[in-house]
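Working through the structure, step by step
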Amino acid sequence: MSILYILIPIAILLVTLAVVVFFWAVKSGQFEDLERHGTSILFDEDKPEADKDNNQNER
């Protein structure tokens, strides 16, 4: 029974930490655009600098 005196404050501390981290993530914009990062790996729009220079020299 005395273990509850230790576990309850630890649980309250962990929940408080989770809530603080959640609000920090929301405030910093982690959940603003969820789809762009998922599709950016599929569509590579940026070419390396060496490819751009080679394409300009060929023209």
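This structure is a prediction, so every number in the text was calculated from the model and none was measured.

When helices and strands are counted, the chain shows three helices and zero strands. Counted from the first residue to the last, the chain has its helices and strands arranged as α-α-α. Within the span of the chain, comprising 59 residues, buried residues form 2% of the whole. Accessible area for the chain stands at about 6100 Å²; split by element, carbon and sulfur atoms hold 63% of it.

Turning our attention to the UniProt feature "transmembrane region" (unreviewed entry) in the chain. Per the UniProt record, the feature "transmembrane region" (unreviewed entry) sits at residues 6-26. Regarding residues 6-26, the helix share stands at 100% and the strand share at 0%, and the terminal C-alpha atoms are separated by 31 Å.

For the structure on display, the rule yields two aromatic pairs. Seen in terms of ring centroids, Phe 22 and Phe 23 are 5.6 Å apart; in terms of plane orientation they differ by 70°. Their pairing is edge-to-face. Plain terms: the ring middles of Phe 22 and Phe 31 are 6.2 Å apart, the flat faces sit at 40° to each other, and that makes the pair tilted. The exposure class of Phe 31 is partly exposed, given its relative accessible area of 46%. Here the aromatic residues Phe 22, Phe 23 and Phe 31 are joined through ring pairs into a cluster of three or more.

Turning to helix α1 (residues 4-27), a few remarks are in order. End to end, α1 covers 34 Å across 24 residues, agreeing with the expected 34 Å (1.5 Å per residue, within 8%). Note on α1: the residue one or two positions beyond its end, Gly 29, has a positive phi of about 90°.

About the cut-offs
- Residues numbered from 1 in each chain as written.
- Predicted model: local features only at pLDDT ≥ 70, side-chain atom pairs only at ≥ 80, totals over all residues.
- Heavy atoms only, no water.
- Helix = DSSP H or I, 4+ residues; strand = E, 2+ residues; numbered from the N terminus.
- Buried < 20%, exposed > 50% of the residue type's maximum accessible area, 1.4 Å probe, protein only.
- Areas by Shrake-Rupley, 256 points an atom, 1.4 Å probe, with all protein chains shown as cover.
- UniProt positions renumbered as here; feature names shortened; annotations may be inferred.
- Phe/Tyr/Trp six-rings, centres within 6.5 Å; stacked < 30°, edge-to-face > 60°.
- Expected span 1.5 Å × (residues − 1).

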